[in-house]
Amino acid sequence: MEAKDVSEAEDRAEDPGSKNKGQPDAAQPDFPPGGQTPGPTALWEMLERKFLEYQQLAPRSPAEQQKSLLNLLPLFLKAWEHSVGIICFPSLQRLAEDVSNQFAQEIQKALVGKPAEQARVAAGKLLRWKGDVDVDQDGYLLLKSVYVLTGTDSETLGRVAESGLPALLLQCLYLFFVFPLEKDELLESDVQVQRMFVQMLLNICGEAQGLEGLLSGNELQSLMIATTCLREHSCYFWKEPTFCVLKTISKAQNVGVIQYLQAMDCIKISLQNLSRLVDTLPAPEVSEVVSLVLGFVKDSYPISSALFLEFETGEGYPLLLKVLLRYDGLTQSEVDPHLEELLGLVVWLTTCGRSELKVFDSITYPQLEGFKFHHEASGVTVKNLQAFQVLQNVFHKVSDPILCTKVLSSIRTMWTWNARNFFLLEWTLQPISQFVEIVPLKPTLVQRHFFQMLEALVFELRYVPHEILRKVQRLIQESPESLCTLVALQSILRIAGGDPLFTDIFRDSGFLGLLLAQLRKQAKILRKSGNKEFNPGVQDTERELTCVMLKTVVTLLKGSVRNAVVLKDHGMVPFIKIFLDDECYRGASLSILEQLSVINAEEYMSITVGALCSSTQGEIQLKLDLLKSLLRILETPKGRAAFRVSSGFNGLLSLLSDLEGSLQEPPLQTWGAVSPSQTLDLVLHTLCALSAALYLDPVNGDFFRRTGLFEKLAEDLCLLGCFGALEEEDAPPPSWEDTKARPFADLLSAAFSSASLLPPKIQSCLQILSFLDSMARGTLHLRRDLKDAPKTRQELVVDPQRGEPGCDPQGNFKQWPAPEERTDDSDAVIMHPGVLCIMVRLLPRLYHEDHPQLSREIQCSMASHIQSLVKSEKNRQVMCEAGMLRTLMTSCHKALTTSSSPLHSGLIRIFEKLASQAIEPDVLRQFLGLGIASPPSAAMKKLSSSHVHGGDSGCPGSQAATPVPAEGSAVAPKDASPHLASTQALRPMGPSQSSTITLQTALSLISMTSPRNLQPQRAALAPSFVEFDMSVEGYGCLFVPTLATVMGASTEYSISGGIGTGAARSFPPPGGLTFSCWFLIGRHSAATEGHPLRFLTLVRHLARTEQPFICFSVSLCPEDFSLVVSTEEKEFQPLDVMEPEDDPEPSAGRQLRVRCGQLLACGQWHHLAVVVTKEMKRNCTVFTYLDGQVISSAKMLYIQALPGPFLSMDPSSFVDVYGYIATPRVWKQKSLLIWRLGPTYFFEEAISMETLEVINKLGPRYCGNFQAVHVQGADPGVEVTPLVAEEKVSFGLHIASSSVTSVADIRSTYNEVDSRLIAKEMNISSRDSAMPVFLLRNCAGHLSGSLRTIGAVAVGQLGVRVFHSSPAASSLDFIGGPAILLGLISLATDDHSMYAAVKVLHLVLTSNVMCDRLMQHICGYQIMAFLLRKKTSFLNHRIFQLILSITGTAELGFGSSVITNVGVFQHVLCNFELWMNAADNLELSLFSHLVEILQSTREGPRNAEVAHQAQLIPKLVFLFNEPGLTPSKMSTIIAILGCQLRGHFSLQDLLRIGLFVVYTLKPSSVNEKQICVDGAQDPSLPAGSQTSGKTIWLRNQLLEMLLGVISSSQLHLSSE
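As the structure is a computational prediction, the values presented were derived from the model and not from experiment. (Residues numbered from 1 in each chain as written. Predicted model: local features only at pLDDT ≥ 70, side-chain atom pairs only at ≥ 80, totals over all residues. Heavy atoms only, no water.)

Asks: What is the right way to look at the overall build of the chain in this model?
Replies: Each helix and strand in the chain was counted, giving 67 helices and 20 strands. Within the structure as shown, the chain displays about 68300 Å² of accessible surface, and the carbon and sulfur contribution to it stands at 52%. (Helix = DSSP H or I, 4+ residues; strand = E, 2+ residues; numbered from the N terminus. Areas by Shrake-Rupley, 256 points an atom, 1.4 Å probe, with all protein chains shown as cover.)

Asks: Any chance you could explain the pairing of strand E3 (residues 1025-1029) here in plain terms?
Replies: Residues in a regular strand project their side chains so that they alternate between the two faces of the sheet. The buried count for E3 comes to 5 of 5 residues, which makes it a mostly enclosed element. Here E3 pairs with strand E20 (residues 1360-1363) via 4 bridges, running antiparallel. Counterpart to Phe-1025 in the pairing with E20 is Phe-1363. (Buried < 20%, exposed > 50% of the residue type's maximum accessible area, 1.4 Å probe, protein only. Pairing = 2+ DSSP bridges.)

Asks: What's the story with the pattern of salt bridges in this structure? I'm lost.
Replies: Side chains that carry opposite charge are capable of pairing whenever their charged atoms lie near each other. Going through the model one piece at a time under the given rule, you end up with 37 salt bridges. Among the salt bridges present, the one from Glu-340 reaches Lys-406, with a minimum N-O distance of 2.4 Å. Taken as a pair, Glu-340 in helix H19 (residues 337-349) and Lys-406 in helix H21 (residues 401-417) lie far apart in primary sequence, 66 residues in all. What makes Glu-340 partly exposed here is its relative accessible area of 39%. In this structure Lys-406 comes out as buried when scored by relative accessible area, which is 12%. One salt bridge in this structure joins Arg-886 and Glu-920, with 2.2 Å as the shortest N-O distance. Placement of Arg-886 in helix H45 (residues 884-891) and of Glu-920 in the loop between helix H47 (904-915) and helix H48 (921-928) is noted, with a sequence separation of 34 residues between them. For Arg-886, a relative accessible area of 31% translates into the label partly exposed. (Salt bridge = Lys/Arg side-chain N within 4 Å of Asp/Glu carboxyl O.)

Asks: What is the right way to look at helix H57 (residues 1409-1417) in this model?
Replies: Because the α-helix completes a turn every 3.6 residues, residues three or four places apart line up on one side. Where H57 is concerned, the buried positions are Cys-1411, Asp-1412 and Met-1415. Along the long axis of H57, the arc covered by the buried residues comes to 100°, so they all point the same way. Packed against the buried residues of H57 are helix H55 (1378-1386), helix H56 (1391-1407) and helix H58 (1420-1430). The N-cap of H57, judged by a side-chain oxygen 3.2 Å from the amide nitrogen of Met-1410 a few residues on, is Asn-1408. (Arc of directions from axis to C-beta. Contact = heavy atoms within 4.5 Å. Polar contact = N/O pair within 3.5 Å; in protein donor to acceptor, adjacent residues only side chain to side chain.)

Asks: Would you explain unusual backbone geometry in this entry?
Replies: Peptide bonds are, in most cases, trans, and in most cases residues other than glycine have a negative phi. Looking along the chain, the bond that leaves Tyr-365 and enters Pro-366 is cis, with omega of 10°. Tracing the backbone through its elements, the reader meets Pro-366 in the loop between H19 and helix H20 (385-397). Unusually for a residue other than glycine, Asp-265 sits at a positive phi of about 55°. With respect to the helices, strands and loops of the structure, Asp-265 is situated in the loop between helix H14 (255-263) and helix H15 (266-277). A relative accessible area of 33% places Asp-265 in the partly exposed class. Residue Phe-1121 is not a glycine yet carries a positive backbone phi of 55°.

Asks: I'm lost on the side chain of Thr-1406 in this one. Help?
Replies: In this structure, Thr-1406 sits in helix H56. A polar contact is formed between the side chain of Thr-1406 and the backbone oxygen of His-1402, at a distance of 2.8 Å.

Asks: Would you take a moment to explain the packing of helix H59 (residues 1437-1447) against helix H62 (residues 1482-1495) for this structure?
Replies: Axes are the key here: two packed helices are described by the angle between their axes and the distance separating the axes. Relative orientation of the contacting elements H59 and H62 amounts to 30°, with a least axis distance of 11 Å. Classified by the interaxial angle, the pair formed by H59 and H62 is roughly parallel. When you trace H59 past H62, the crossing you get is right-handed. For the pair H59 and H62, contact is made by His-1437, Phe-1440 and Leu-1444 and by Leu-1482, Ser-1485, Leu-1486 and His-1489, respectively. Among the residues forming the contact of H59 with H62, the class breakdown is 4 nonpolar, 3 polar and no charged. (Axes fitted to C-alpha atoms, helices over the stretch in contact; angles between N-to-C directions. Parallel < 35°, antiparallel > 145°, perpendicular 65-115°, else oblique. Left-handed = near helix turned anticlockwise from the far one by under 90°. Nonpolar A, V, L, I, M, F, W, Y, C, P; charged D, E, K, R; others polar.)

Asks: Which parts of the structure should I look at to understand helix H8 (residues 154-162)?
Replies: Among all positions of H8, only Thr-156, Leu-157, Gly-158, Val-160 and Ala-161 are buried. The positive-phi residue at the C-terminal boundary of H8 is Gly-164, with phi of around 80°.

Asks: Even after reading the chapter, I still don't get the environment of Arg-420, so can you show me in this structure?
Replies: Within the element layout of this structure, Arg-420 appears in helix H22 (residues 420-426). In sequence terms Arg-420 and Leu-461 are 41 residues apart; their C-alpha atoms lie 9.5 Å from each other.

Asks: I keep staring at the environment of Phe-423 and nothing clicks. Help me out?
Replies: Locating Phe-423 in the fold gives a position in helix H22. Taking the C-alpha atoms as reference points, Phe-423 and Val-359, 64 residues apart in sequence, are found 8.6 Å from one another. Beyond its immediate chain neighbours, meaning those up to four positions away, Phe-423 contacts Phe-371, Phe-373 and Tyr-463.

Asks: Can you help me understand the packing of aromatic side chains in this one?
Replies: The geometry of an aromatic ring pair is captured by the separation of the ring centres together with the interplanar angle, meaning the angle of the planes. On inspection of all chains with the given rule, the structure shows 42 aromatic pairs. On the basis of an interplanar angle of 40° and a centroid distance of 4.2 Å, the ring pair of Phe-395 and Phe-435 is categorised as tilted. Here Phe-395, found in helix H20, pairs with Phe-435, found in helix H23 (residues 431-438); they are 40 residues apart in sequence, far enough to count as distant. Through successive ring pairs, a cluster of aromatic residues spans Phe-371, Trp-415, Phe-422, Phe-423, Trp-427 and Tyr-463. Over the ring of Tyr-1395 we find Arg-1438, and its NZ or CZ is 3.9 Å from the ring centre. (Phe/Tyr/Trp six-rings, centres within 6.5 Å; stacked < 30°, edge-to-face > 60°. Lys NZ or Arg CZ within 6 Å of the ring centre and 35° of its normal.)

Asks: Can you help me understand the environment of Lys-406 in this one?
Replies: Between the C-alpha atom of Lys-406 and that of Leu-343, which follows or precedes it by 63 residues, the distance is 8.0 Å. Within the local environment of Lys-406, its side chain forms a polar contact with the side chain of Glu-340, the two groups lying 2.4 Å apart.

Asks: Please explain the side chain of Thr-1009 as it appears in this structure.
Replies: Position of Thr-1009 among the secondary structure elements: in helix H50 (residues 993-1009). Polar contacts involving the side chain of Thr-1009 include one to the main-chain carbonyl oxygen of Leu-1005, which spans 2.6 Å. Apart from the residues within four sequence positions on either side, Thr-1009 is in contact with Ala-1368, Ala-1369, Leu-1403 and Val-1404.

And the structure:
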C-alpha cells in the first residue's frame, strides 16, 4: 500500500474510539459542567493549562507520571478532531517527546523477553482498540497520538525519532507480517489500527532522522529477507502494507539506506532466496518481490551503483529470465500489474551502464527523405546489453501472446526514447532480424504486433531496414504458414504505399518478381479450377493472400514506369486478365491494368473493351467494374487517344446494343434476372465513359461526329425498350388537355425519387434523359453521385388511381414554382451539342399510348427545356453547327406538320431561333414545304371573332389590328424589332386553309429573317466569324505561318513555306501596308486584368538565333480603350518573363495611341483599318480608321529591316515572319474578354480612303479579294476595276473559305515548313493526322504575285469557336430566293397574309444584298407590282409603310430618307395605276410622301435624280387623264412636278411638261373666254378634256409652277 493511500484512507476513516460511549473516565477529558463541548480554541487552551500543570507537579513515580500523561491524551485528540487537524499547541515538541517515549516503553514492555509468536500477540493486543470500557486503552491512545504527532512538522517528527520508536515500529511490522494470527476474522478496528500504524511509519520514512532510526538495528534486513523468502504462513493482511513501507524506504534515496543494504547483503541474500523459490511459487508473486528488490536497485542508482553491481554479480539477469519465462503458458489477463512493473524495470536496466555502446555505422542506402542518423547520444540510450538480452531471450523462448507483445512493446518504447537505440541494438544483438526468423512460430497476435513495429520503424524513424526487409521477403517466399505470410504481406503492402522509394527497393530486391511468379501460379490454378463461387462469410486464407499480393503489385506499380515494364516483361498481362473474372480479385487486377496503361494505353483499352464486349448478358457487375476503371483512364489525354484507336466508341455502343429490350415492360424472358435499376446503372456508366472520352478532346469529338456515332447512340437508346415507337404520319393526333407542363427538372427529380410512382417505362426514359442532359453539358462524368438528379423545390406526387403524376380529378396540374424562382438554363454551356440532337431524336419516342397525358406533358416539358437551352445566341450557333435543324426535320416531322400537336409551337420556336443563325438551304426548302399551321391561342380566337380595323384614314378595311399571340409578342405594323416572335399561336382571319398555311409560313420567315444585331447604319446579316473567349483558357488565336520569308543571298528556296509560284515575299513591304478587319466585342476585359484585344501581332525570327521579336502590332488596350499601333521591336516571350506593370516607355516614334472607347459598342460589328504609308528613309505615316472614319494619324518610324538588334544577316540565313490574331499561348492570361473576328485582310500597300469607304460599304459578309467589286446601287453593266492590285494582297481570311484538316494533310497539300510551324504552335507532332486543325485558307492564294501564307489556323481548344453564318435570309437565295417571297404575295388571301408576305420581303431585301440583285435579274419588282395590282383590295396603310421601308424612305424626319431600292421605287411606288385603285386613299399618302422626299434639303436632289431615272414626270403627266382626279390631287401632282424639276432640272422633263401645256390649248374654234373656269372643280370631267374649264385651270397651274421653277434660286441642273 502506498503512503498516500494509507493517509487518505485514514482521513476518510472515523476513529473507532470516538464512537465508543463506554470509555473509562481516564480516557475522557474533564469538561466544566454545562453539558456543551467547548470550541477548538478553548480545548487547546484547556490542554495548555493541564499540560503546564502536568509539568509543574513535583517529581512523581513513573506510574503516576504515565497516568497523568495518558489523562491528557483524550483532550489532545479531542482538540485535534475539533480543529480539523490544525494544532495550536505551543508545547507540542515536549508533548511529542513524552508521548513517544511513553509509547516506546509500552512497546518494549510488550515485546521484551517473549518468543516471536507471543510478542506478535502482545503487540497486537497493545495497539488494538478494546470495546469494553473496563479494559485498558492506553496502547491505542498512544498509537493514535503518535500518529497525529508524526503528521505535523519535521521538528516534532525528530523528537519522535529520538525516542527509538521507529526501530520498534519496524520490528512490530516484521512480527505482524511474518507471524499471522490464527483466526482469520478482522475487525474494523484492526483496519483502523493498521492504517494509522502504516501511515506513522510512512511519515517517519519521509524524514531523514526518522529513516536513520529505522536503520539502527537489523529489522530492515529481516523484513526484506522475510519478503523474499515468501513464507507460506506470512500474514496476507500485512503483506501490502509491508511492501508499501519498503518501497517508501527505497524511494527515499538515502545514502545510509544504500550503505545499510550493502553492509547487510540484503540484495544478495534476496536474490539467492528468490533463485531457490522461483520455480515453486506462482509467477505473479515472484515477479512482485523481484520488482521490490529491483526497486531498491533502481532508486539507488542515481546516487550509487553499488546495489546495481550487487544485482549483476548476484545472478540477477538469469533470475529475471526465469521469472519472465514462468509466465509462458499461464492463463492471464492482458493487464498484469506485476508483469508490467517487472518489464518496466528490465527496460530501465538496459539504460544502466558506465559508457555508451560503441558500434560501427552500417546504414544501407537509399533511405527515405527526412531520415537522419544522430551520432550524438541525445536522450536516453541503451547501455546494458545483458538486460536487453533478457527481453530478447524471453521473446525467443516463450509463445505466450501477451508476454511476447509486451516484450515487443518494451522494445518499441526504447525506440521512442531515442531513435539511436534501434541502431545500437540492431548493430550489436540484431533482435529484429532474429525475430523475423522465429515470428512464424508465434501466435497471429504476436505476428501482427511485430510487423506493426516494422512499420513504425519505417514511418516513425523514417528508416528503411534493407536487411530486415530481405528476411521478410524470404519469409514470404518460404514460410509454410500462410497466415504468417498473409500478415507479413499486409505489412509490406502498407510499407510500400508509404513512399514511392519502396517501388524501386522492392523491385531491385526481387520482391516484385517473386510476387509476379506467385500470381502466375495462382492464375494457372484459377484457370484450371474454373471460377468457383466465393462465399464472403467463409474465410479463405489463400484467396485473401492472393488479394493482398495483387494489391501489393498495384502499390508497387503506382508512379513507377520501370515496375510496369517489369510486369510486362514477365508476360503477366494474360494472367492478370484471368483474375478479372473473379469479383474478389477484380478491383486490384483492374488497378494493375490501369497502371500498365501508362506504358501502353492501347493494350489496356483493347483488354478492357474486349472484356466488355465478350462479357455475358448476366455479368452486369463485371461490366460496371470495367466501366469504372475505364472512367479513371479516360481522365488522361493518352487514355482518350488510346480509347479511340482501340475502337472504344464502337465497343461501348455495342454494349448498349446488347441491352436491346432490357427496359421493356413487362421485361423479356431473357432479361428476367436483370433488374431495370441494374440496366440503368449500366447505361449510366456507359454514357459516363462516352462523356469522359469526349470531354475536352477535339480529336475524339471530331471522330465521334464524323463517323456518325451520335446517330448510332440514338438508335441504341431507342432499342432499350423504354422508349415508344414513332407515330405514323397519317395517324390521327391524340387528344391533349390544354394544361401547363411542369418544369423538366422537376420531372427528372420525380424519376429519381425513391417514392416515385411513375410508370416504370416512363421513369426509365426520364432517367436516361437526365443522363443525356448532363452529358450534353459535359458534366455527367464529373458528378459525384451519378444517380442524383438536379435538385428541385418540389417533388412530384403521382396519383395511383389515374397513373398520372400530380393531376387532380379535374385534370389540372398542381401549382409549381413561378418561373422567376427557378434557375435559368439560358446560360448553360453546351459541351456536346450532338447529345442534344439525340434528345431531339428521342422526343417523339417519349409518347406511350397507355399514358397519353403524362407522355405529352413530358414531351412538352422537354421541348421547353431544349428551347431554354438555345436562348443564348452562342448556344443557337453551336446547335446549328451540330445540325440540329436537320434533326428536327427528320425526327419531329409529324409534330412540325400537325398544327394541333402540343409540340408544334415549341418546336417551331426552336426551329426559328436556330434558322435565324444558320440553316442549310435544303432544310429550309423542306421546312417551307411543310404547310405549317400553329395552334390557336385565346387571344387569336377573340380577334378572329371581332375584326378590328384602324388606320390613318379610319376607313373600314384600311388596316387590320395586329394579332397578339398568347405570350405577348406581336407582329406590329411597323415592327422591325430583332426579337420578333412571330410564331406564337396566331390564327389567321378567314376560313381558307391555304391562307392559314401562307400566313404561318410568312410569320415563320419573319422570325427567321428579323435582324438579331442592330447595326447603326442598316440591318445586316451577321457574318461568319471566329470567336475568342479568354475566360476559359486565357488564350486562343489564329496563327498565320510564313507571312513572309526574307532570304539571304545563298539561302535554299526550300526553307520557305507558303503557297504560290513566285519568289519569297519580302518584309517589311517597301510601299507600306494596310491591315483591315471586321470585329465585334462581346465583352470587354476588366481594366485590372490588363488583357488587350490583340488584332494583329507580327513576329520575326532570324534563323539560328533563339529569340523571336515582335515588329508590328495592333491592339486595343482595356484600361482606357485606346487603339495602340506599334512598330517597336520587342522580344516575343511569355508574360511572366516580361516586365511587370510598369512597362518601360516605348521608343520615340514607335507607337501610336488613340482613344476610341466612345466609338465602340459591344455587340456591334465594326470595321478597323490601319494604313501605314512608307515615306522617305525610315519614316512613315500611320492612319487609323474605324467604320470608314479617320480617328487618328501620326508620323512614326517604319518597321526596321531586320529583327531586334541585328543589323546584318548571314548570306545563308533567313528571317521567318509569322503572325498572330488574338492572344497566343505564351501570353496566356484569363480575363473576361470575348470578341469576334470577321473578314480580315493584309495588303502590302497603303490603300486610299476612297477604297476604305468601299470596303466599309461592302460590309462584313463580303468574301472576295476586291478584284471585281459591285457596290449596291451601282450600274451592273459598268466594267469594274480592282480596288487593290493582285500582287499587293498578302492574305485574306474569312470563314467561308475554311475547312477542318490535319497537320499531315497540310504537309501533303502545302509544304513541310508550314506543317512543322503549325504543329509546333499547336503542341502536337508534325506528322499528326488525328488532331482536327481548323484552317482558314488564304483567299488570295490563287492570285499572282510573290509567295503568300497558306492562311491561318485556330490555336486553342476552348478559347476559339468558329461559326459559319448562313441565316434563312441568306439561304433563301439558293432555293429560289425572291421567287419564294413573291409566291407568298401571290398566295395572300387577305390583308394579314399580304402584310406578312411583304414584311418577309422587306426583311430579306434590307438585310441581303443578293436578294435585290436576284429581284432585278428576274424582274421581280415588276412581278411584285403586277401581283399587288391583282390584290389591290388587300392593300392598306401598314403594307404601304412596309413598301416605303423597302424603298428606304420610311424614316423621313428621323433618319436618312434617300431612296435605296430603285426597283421598288420605280416599279411599285411609281406604279400610280396600282395606288389609284387602292382603298383608303392610299394615292394621297403616296403623293404626300413623294413631295416630302423631293423637298428634303439633304437627300432631295439625290431622290429627284432617282425619280428622273424612274420616269416619274411622264407617269405623273399621264395621270391628268384620269377622270376621277380631284383638284386637290392635281395640286399635289403639280407640286411633285415642281419639286422634281427643282431637284433635278432636265430639259427632257421640261419639254414633256411643255408639250402637255401645249396640249391643253383650245382649238381655234373654241373661245376660252366663254368657258367657265369655275366648272373646273367638277370631278366627273377629265382634266385633259379640251372643252372643260378644268383644262384651263390645269394649264394655268402648270405655267405658274414652271415660272416658279425657272425663277428658283435652288435649281439643281442635271448632267445634260
